[in-house]
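# Structural characterization, general
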Amino acid sequence: MKLNLLIAPDFAPERFAGWHMLNTLLQKRADVHIHLLTPASAQEQSEQIATQDVAIVYANPFDAAAMIRDHGYVAVARPKGKSDEMVISAKVDGAIQTLEDLKPGCTIATADNRDVKLIGLRLLEAVDLTENDIEWHITETYQAAARELIQGKADAAFFLSEVYHTLSRLTLSQMQILIESDLSDITHVVLTKSDFAERQKFVDALLALGESSEGQDVLKELGMPEGFEAMSEEDGEFMIDLMDTLMD
């Protein structure tokens, strides 16, 4: 039986090979045939989940909360010591030099990643900006958001921190960080369908990756040197409550 494993499209491009390495290793360790899906955008992710039988998803926390609540997925694991933080950035030589320079009517570019947007809006509460005060430029990727910012098409941009810090040196030299979150308790999540028969074999293989040198190499390639830790049903409910709080 072939299983589909879908990876959220917001990982840094240099992690692409690491996901394929992980997929290969998990197939060997769990003794199941896993097909890797790497959608290029949030829209493509939604289409693949709707049209293909996706048994396993590595999802951002906002999507994970919705999939647990509405689509019968359960949270089984999350990266250990790797929280989802975000950056609000501006052009290095532009008119926006501090967070306070952002005013109602400003333009912000960002990829279609709801949790990053929610965290960013919470940070902007400090300067009395709400979602309706902002003109949003939603791009397919964070790299495209960086281009809009550098080209002067946006006043600021939102990024997943990991992606921001892995942009090219040339790109980073043209941007500056206005603020970076430090929340610690929001992470991507590994989900499986509740009726996934091979779930325990898969989870056992995932959690044991750090016990071998081969697995450690894969985890380093993914930027997750501490590996994965198990999640309980209560952990999943806590994450849903947390995302609901960000939306309020």
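Residues numbered from 1 in each chain as written. Predicted model: local features only at pLDDT ≥ 70, side-chain atom pairs only at ≥ 80, totals over all residues. Heavy atoms only, no water.

As recorded in an unreviewed UniProt entry, the chain goes by Phosphate ABC transporter substrate-binding protein and comes from Faucicola atlantae.

As a further point, take the packing of helix H4 (residues 114–124) against helix H10 (residues 233–247). For the pair H4 and H10, the least separation of the axes is 9 Å and the interaxial angle reads 55°. In terms of orientation, H4 and H10 fall into the oblique class. For the pair H4 and H10, the crossing hand works out as left-handed. Contacts between H4 and H10 pair Asp 115, Leu 118, Ile 119 and Arg 122 from the former with Met 243, Thr 245, Leu 246 and Met 247 from the latter. For the contact of H4 with H10, the class distribution of residues is 5 nonpolar, 1 polar and 2 charged. (Axes fitted to C-alpha atoms, helices over the stretch in contact; angles between N-to-C directions. Helix = DSSP H or I, 4+ residues; strand = E, 2+ residues; numbered from the N terminus. Parallel < 35°, antiparallel > 145°, perpendicular 65-115°, else oblique. Left-handed = near helix turned anticlockwise from the far one by under 90°. Contact = heavy atoms within 4.5 Å. Nonpolar A, V, L, I, M, F, W, Y, C, P; charged D, E, K, R; others polar.)

Attention now moves to the pattern of salt bridges. Once the charged atoms of two side chains with opposite charge are near each other, the side chains can pair. One pass over the full model with this rule turns up 11 salt bridges. In this structure, Asp 244 and Arg 69 form a salt bridge, with 3.0 Å as the shortest nitrogen-oxygen distance. Linking Asp 244 in helix H10 with Arg 69 in helix H3 (residues 61–71), this pair joins segments that are 175 residues apart in sequence. Of the residues examined, Arg 69 reaches a relative accessible area of 43% and is grouped as partly exposed. With a closest N to O distance of 3.1 Å, Lys 82 and Glu 162 form a salt bridge. Of this pair, Lys 82 sits in the loop between strand E4 (73–79) and strand E5 (86–91) while Glu 162 sits in helix H6 (residues 161–164); the two residues are 80 residues apart in sequence, bridging distant segments of the chain. Judged by its relative accessible area of 18%, Lys 82 is buried. (Salt bridge = Lys/Arg side-chain N within 4 Å of Asp/Glu carboxyl O. Buried < 20%, exposed > 50% of the residue type's maximum accessible area, 1.4 Å probe, protein only.)

Ile 88, Leu 102, Leu 124, Phe 159 and Leu 191 are the most contacted members of the largest nonpolar core, which has 58 residues in total. For this core, the element with the most residues is H4, which contributes 6 residues. Per-domain counts for this core show at least three residues from each of domain 1 (3–82 + 185–246) and domain 2 (86–180). Discounting chain neighbours no more than four positions away, the residues touching Leu 102 are Ile 96, Leu 124, Leu 129, Asp 155, Ala 156 and Leu 178. Core analysis: the second largest hydrophobic core is formed by 29 residues, Leu 25, Ala 55, Leu 219 and Met 224 among them. (Core = buried A, V, L, I, M, F, W, Y, C linked by side-chain atoms within 4.5 Å. Domains from an automatic or database assignment.)

Next up on the list: the side chain of Ser 161. By the element assignment, Ser 161 lies in helix H6. A distance of 3.2 Å separates a polar side-chain atom of Ser 161 from the backbone nitrogen of Met 86. (Polar contact = N/O pair within 3.5 Å; in protein donor to acceptor, adjacent residues only side chain to side chain.)

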